[in-house]
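# Residue-level structural notes
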Amino acid sequence: MFQLLKMVSGLINANPIVYEKKERRIRSASDYADEDIKDPEHPYSLEELKVITEDAIEVDDEHSHVRVTFTPTVEHCSMATVIGLCLRVKLMRSLPSRYKNLMSETCLSDKVDIRVAPGTHATEAAVNKQLDDKERVAAALENPNLVDMVDECLAPTYG
């Protein structure tokens, strides 16, 4: 099951660095991953916090494969698995069907790789293992609290 660390009374990173958003270019598969996904802890997008950047999204159209590498704002970010889940759900909802596993319309585990950038999180291996485990992802998406959190991060009204 997807593990969420106990919520602490204060923010893990109370004062994140906020960057200016880049001007959008012609839409491609990589745009699906970073378009205004709100950070689960802050009123900023993952792009504004540089959790996700255009350079961290690799698209192989020939093989219908996407790799997204994200960088949490702090190495002990308790929301890293939630951020990864948000990225996976965003792609699951947005990418063309050719990126989806033939066995399951909603499963992207073979076609989409979501990873924490090497050396940027204290429990990087554990987070990556959770994000790559389709059973854990499926279980997480059955948890109404997690689904609400993901939906809030992906809400199109952000901006």
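Fair warning: this is a prediction, and the values are worked out from it, not measured in the lab.

## Some words on helix H5 (residues 144–154)
Every buried residue of H5 is listed here: Leu146, Val150, Cys153 and Leu154. An end-on view of H5 places all buried positions within 95° of arc, on one side of the element. Set apart from the buried face of H5 by more than 90 degrees, the exposed residues are Pro144, Asn145, Asp148 and Glu152. The inward-facing, buried residues of H5 abut helix H2 (80–94) and helix H4 (134–140). Of the residues that open H5, the one with a side-chain oxygen 2.8 Å from the backbone nitrogen of Asn145 is Asn143.

## Comments concerning helix H3 (residues 124–132)
Helical geometry: 3.6 residues make up each α-helical turn, so side chains three or four residues apart lie on a common side. Buried within H3 are the following residues: Val127, Asn128, Gln130 and Leu131. For H3, the buried positions fall inside an angular range of 160° around the axis, keeping them on one side. Looking at H3, the residues exposed on the side facing more than 90 degrees away from the buried face are Ala125 and Lys129. Where H3 is buried, its residues meet strand E2 (65–70), H2, strand E3 (112–116) and H4.

Cut-offs applied
- Residues numbered from 1 in each chain as written.
- Predicted model: local features only at pLDDT ≥ 70, side-chain atom pairs only at ≥ 80, totals over all residues.
- Heavy atoms only, no water.
- Buried < 20%, exposed > 50% of the residue type's maximum accessible area, 1.4 Å probe, protein only.
- Helix = DSSP H or I, 4+ residues; strand = E, 2+ residues; numbered from the N terminus.
- Arc of directions from axis to C-beta.
- Contact = heavy atoms within 4.5 Å.
- Polar contact = N/O pair within 3.5 Å; in protein donor to acceptor, adjacent residues only side chain to side chain.

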